[in-house]
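Close look at the chain arrangement
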Amino acid sequence: MLRGFLLIFTLAAIAIVAMAGFRGQHSPRPPWELMPDMVRQPKVRAQAPLGFFADGRGPRLPIDGTEPVGYDIPKPQQNAPPEISPSGAPPGEESAHAPLGFSVGTDYYNTGKMGANWGTGIPVAVTAQLMARGQQRFIINCSVCHGLTAAGNGMAKQFGLATVISLQDERIRKMADGEIFNTITHGKNTMMSYGGNVPVADRWAIITYIRALQRSQNASVNDVPPDQRAKLDQPEPAKK
Amino acid sequence: MANFFPRWSNWLPLKLAVAGFLIVCGLTAGTWYYVTPKYTKVGYEPIQPVPFPHDVHVNQLGMDCRYCHSFVETAAHSNVPNTQTCMACHQQVQKDNPKLEPVRASWKTGQPVEWVWIHRLPDYVFYNHAAHVNRGISCAVCHGQVNHMPAMYDAKPMSMAWCLECHRHPENFLRPEDQITNMDWKPEDVNPAAFVAKYGEPKGVKEDWSKKKHLTQQEIGQTLKERWNIHPSETCQVCHR
């Protein structure tokens, strides 16, 4: 009798393991919610669907003819070490511009235009921190296509995005900052817009960095400070 | 008097005890093993409308997570990218690939691609991405080696015990702030001299860590924890508002 029980017990155990599998096995079965009391509540979460509206979207699209009022980018932490203060502005320093994430104003800072023409110049204080931020954001948002030195040789180009151009071109080097700002905000020809991904402050940081990249690739001896020039002629130190 | 109970029944209590013991053990083991998020959540890999390969985009193309999940540093919710983000490349790259048909359809109609939400905490938990990724916690700690995933799945249990395990000892997971989206980071990658020059050393450490060959995760974590003043909360209302 015990033998019978043991047989059934073992078979049952095997059957359960065979059906339920092991921990960590990949499966398309939704997670089992043991006590679903308040696990799913009738509220809208970010990017979640909602049956209430005809189009089934939870987050609503802007109504035609309206402008978003803006979006506050969180301020840098007070008294935090510099390396962990997010956003372009130096920690603790108030920016001259409203901390809106996306272009809503009509001034140069928000549109890149001065009057009817593209303006030029960086409308925020150019600091080492802005440059570092620009480098980081350029690598994240632009380098897949335009390449790390903006030479137009990013990975996407090598995989078939044929129309990517080099930002080291004479034309782009002479282009007004405001026009580049507009290209980021609204896109241009086959480049789609990054206005929805890159906040205004970061767009100016990226332009600052692109200008630095352009100078780095087109530098002459005259760009080297006179007291450093002698070093250029010295042989490279032997590698260890 | 004849034997009222047959002889075999002498063993019955023992047999029943053994059977009962086995049943209790079996149920306990089964519950312990199966009725836990380590089983119910880990490995959840739904069938997505587009079989989006993270490994191709992250490893092969070298894309940063923040190209697509662009608000992970500023928002509680880490956004799944919109259709335009894909079309920026896929208007030309692989433009006839049938796998990308839902993306192209979405581009034409304006209806979003209906990605299945994988990591989804109960609605009574208020998780915040910005609070973690700006404080030295990498995506890889919570989402696993995304850069080796041909299809996204849930790699961690995401249970309350799991959250608290780290909130009690964040030094086991902290890393330099510029390595957050580097899925392959290891403590050995850190150059001790450069690390100590930038972040200093925790108070009360006599030894000069910059002379060490490698720093351990604990040493790195302890330094960053003190420098950034990191004290994750264990109070209920931080996560359950």
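For clarity, every value in this text was computed on a predicted model and none was experimentally measured.

Let us look at the overall build of chain A. When you go through chain A residue by residue, the secondary structure sums to 9 helices and 2 strands. Ordered by position from the N terminus, the helices and strands of chain A form the series α-α-β-β-α-α-α-α-α-α-α. Relative to its full complement of 240 residues, chain A shows a buried share of 32%. Across chain A, contacts joining residues at least 24 apart in sequence account for 51% of those joining residues at least 6 apart. Taken as a whole, chain A presents about 15,100 Å² of accessible surface, with 61% of it coming from carbon and sulfur.

The next point concerns the overall build of chain B. Along its length, chain B carries 12 helices and 0 strands. When the helices and strands of chain B are read in sequence order from the N terminus, they spell out α-α-α-α-α-α-α-α-α-α-α-α. Relative to the globule expectation of 18 Å for 241 residues, the C-alpha radius of gyration of chain B, 26 Å, shows a markedly less compact shape. Each principal axis of the C-alpha distribution contributes one length, and for chain B these read about 95 × 65 × 40 Å.

A few words on the side chain of E219 of chain B. Residue and element names in this part refer to chain B. Topologically, E219 is positioned in helix α11 (residues 217-227). A residue is classified by how much of its surface remains accessible, and E219, at 12% relative accessible area, is buried. There is a polar contact of 3.0 Å between the side chain of E219 and the backbone nitrogen of T216.

Turning next to the state of the cysteines. Should the sulfur atoms of two cysteines be covalently bonded, the bond is a disulfide. Within the structure shown, the criterion is met by 0 disulfides over all chains. Summary of cysteine pairing: C145 of chain A is not part of a disulfide, and the nearest cysteine sulfur, belonging to C89 of chain B, is at 4.4 Å. Classification of C145 of chain A by relative accessible area gives buried; the value is 11%. This cysteine, C166 of chain B, is not joined by any disulfide, and C142 of chain B carries the nearest cysteine sulfur, 7.0 Å off. Among the residues examined, C166 of chain B registers a relative accessible area of 16% and is labelled buried.

This brings us to α11 of chain B. Residues and elements named next belong to chain B. For α11, the set of buried residues is Q217, E219, I220, G221, T223, L224 and K225. For α11, the secondary structure elements touched by its buried residues are α10 (192-199). A positive backbone phi angle near 55° is found at N229, which sits one or two residues after α11.

Before going further, it helps to examine the environment of Y153 of chain B. Inspection of the secondary structure assignment puts Y153 of chain B in the loop between α8 (139-143) and α9 (160-168). Each C-alpha atom of the pair Y153 of chain B and I118 of chain B lies 7.0 Å from the other, and the pair is 35 residues apart in sequence. When residues no more than four places from it in sequence are discounted, the contact partners of Y153 of chain B are H26 of chain A together with G43, Y44, E45, I118 and H119 of chain B.

Looking now at the packing of aromatic side chains. Counted under the stated rule, the structure contains 12 aromatic pairs over all chains. A ring pair is formed by F138 of chain A and Y209 of chain A, whose centres lie 5.6 Å apart and whose planes are at 55°; its orientation type is tilted. With F138 of chain A in helix α3 (residues 128-141) and Y209 of chain A in helix α8 (residues 200-217), the pair connects residues that are 71 residues apart, well separated along the chain. Overall, F138 of chain A belongs to the buried group, its relative accessible area being 0%. Here F4 of chain B and F5 of chain B contribute two aromatic rings whose centre-to-centre distance is 5.5 Å and whose plane-to-plane angle is 90°, an arrangement assigned as edge-to-face.

Residue and element names in this part refer to chain B. By the element assignment, K99 lies in the loop between α5 (83-90) and α6 (101-109). K99 gets classed as exposed once you look at its relative accessible area, which sits at 52%. Placed 79 residues apart in sequence, K99 and D178 show a C-alpha to C-alpha distance of 34 Å. With near-sequence residues (within four places) excluded, K99 lies in contact with V50 and P51.

Rules behind the numbers
Residues numbered from 1 in each chain as written. Chains lettered and ligands numbered in written order. Predicted model: local features only at pLDDT ≥ 70, side-chain atom pairs only at ≥ 80, totals over all residues. Heavy atoms only, no water. Helix = DSSP H or I, 4+ residues; strand = E, 2+ residues; numbered from the N terminus. Buried < 20%, exposed > 50% of the residue type's maximum accessible area, 1.4 Å probe, protein only. Contact = heavy atoms within 4.5 Å. Areas by Shrake-Rupley, 256 points an atom, 1.4 Å probe, with all protein chains shown as cover. Rg over C-alpha atoms; globule rule 2.2 N^0.38 Å. Polar contact = N/O pair within 3.5 Å; in protein donor to acceptor, adjacent residues only side chain to side chain. Disulfide = S-S within 2.5 Å. Phe/Tyr/Trp six-rings, centres within 6.5 Å; stacked < 30°, edge-to-face > 60°.

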